[in-house]
Structure formats: C-alpha cells, structure tokens
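Geometric and topological summary
The lines below spell out each chain.
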Amino acid sequence: RKAPVPPVKCTFEFVRRSVEEKTLLDVRSNILFQPPKTSEKILKGLKICQTSYTGARRNDVKLLIERLGAAYSKPFDKTCTHLCCYQFEGKKYEKAASDGTTIV
C-alpha cells in the first residue's frame, strides 16, 4: 500500500495558470503559485512601477508587488518610490535615474 500524498498548498494564480495552459503546473515553478510564508506586507508604503517586462512575467511582477503590500502604478510619475526594471534602459528608466528614484 502506498503512503498517502500530503496535500500541497497553492494559490488561485496556480489554478488559473494550470487551467489556462491545460496542464498541471509544478507549484514550485513560480513564487506566485505558493501562499506567502508571511502575511506581513513588507513593502507597505511603497509605490512601485515596472518597466521592460512583458507577457505573463509582467503580470507576475505586478501581483508580487501587490501581494507584498506596495501600491502598483502603471505610469511612472513623481509619486513612485521605486522602479522595477527587467532591463536598465528606456524612458521610464531614464526618468527614474534623473529623478533619483530607487531602481531595482
């Protein structure tokens, strides 16, 4: 007799992507597929814009920013505290660099 397989905790994003891709994805393959280890909003008070990300990765970054408690901003403006870049180039990057905004 086989030992029972322990249940795996996952998020709605895991279920949504598995259905979308019509396959059972590995819950460990994306940080957004597992519940956070803490409910503490460690980025609370920050307003983060992203640039250079595309497709599913862009959505992943947005969800992660929000899950960690920061406000997400699509446009980059002077109220943004951080710019999250895939590549360090482009208009948003240049504006953030000239304004002294924290770039990650």
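Refer to the structure above for everything that follows.
First, a word on what this report is: a plain description of the structure on this page.

Parameters and conventions
- Residues numbered from 1 in each chain as written.
- Predicted model: local features only at pLDDT ≥ 70, side-chain atom pairs only at ≥ 80, totals over all residues.
- Heavy atoms only, no water.
- Buried < 20%, exposed > 50% of the residue type's maximum accessible area, 1.4 Å probe, protein only.
- Helix = DSSP H or I, 4+ residues; strand = E, 2+ residues; numbered from the N terminus.
- Pairing = 2+ DSSP bridges.
- Salt bridge = Lys/Arg side-chain N within 4 Å of Asp/Glu carboxyl O.

Another aspect to go through is the pairing of strand β3 (residues 82-85). By the alternation rule, side chains of β3 split into His-82 and Cys-84 and Leu-83 and Cys-85, which are all buried. When strand β1 (residues 47-51) meets β3, the two strands line up parallel, connected through 4 bridges. In the strand pairing of β3, Thr-51 is matched with Cys-85. Both β3 and strand β4 (residues 102-103) contribute to a ladder of 2 bridges, which runs parallel. The residue of β4 that forms the bridge with His-82 is Thr-102.

Tallied over the entire structure, the rule returns 8 salt bridges. Put simply, Arg-17 and Asp-60 hold a salt bridge, and the shortest N to O gap is 2.3 Å. Of this pair, Arg-17 sits in helix α1 (residues 12-21) while Asp-60 sits in helix α2 (residues 55-67); the two residues are 43 residues apart in sequence, bridging distant segments of the chain. Note that Asp-99 and Lys-95 form a salt bridge whose closest N and O atoms lie 3.2 Å from each other.

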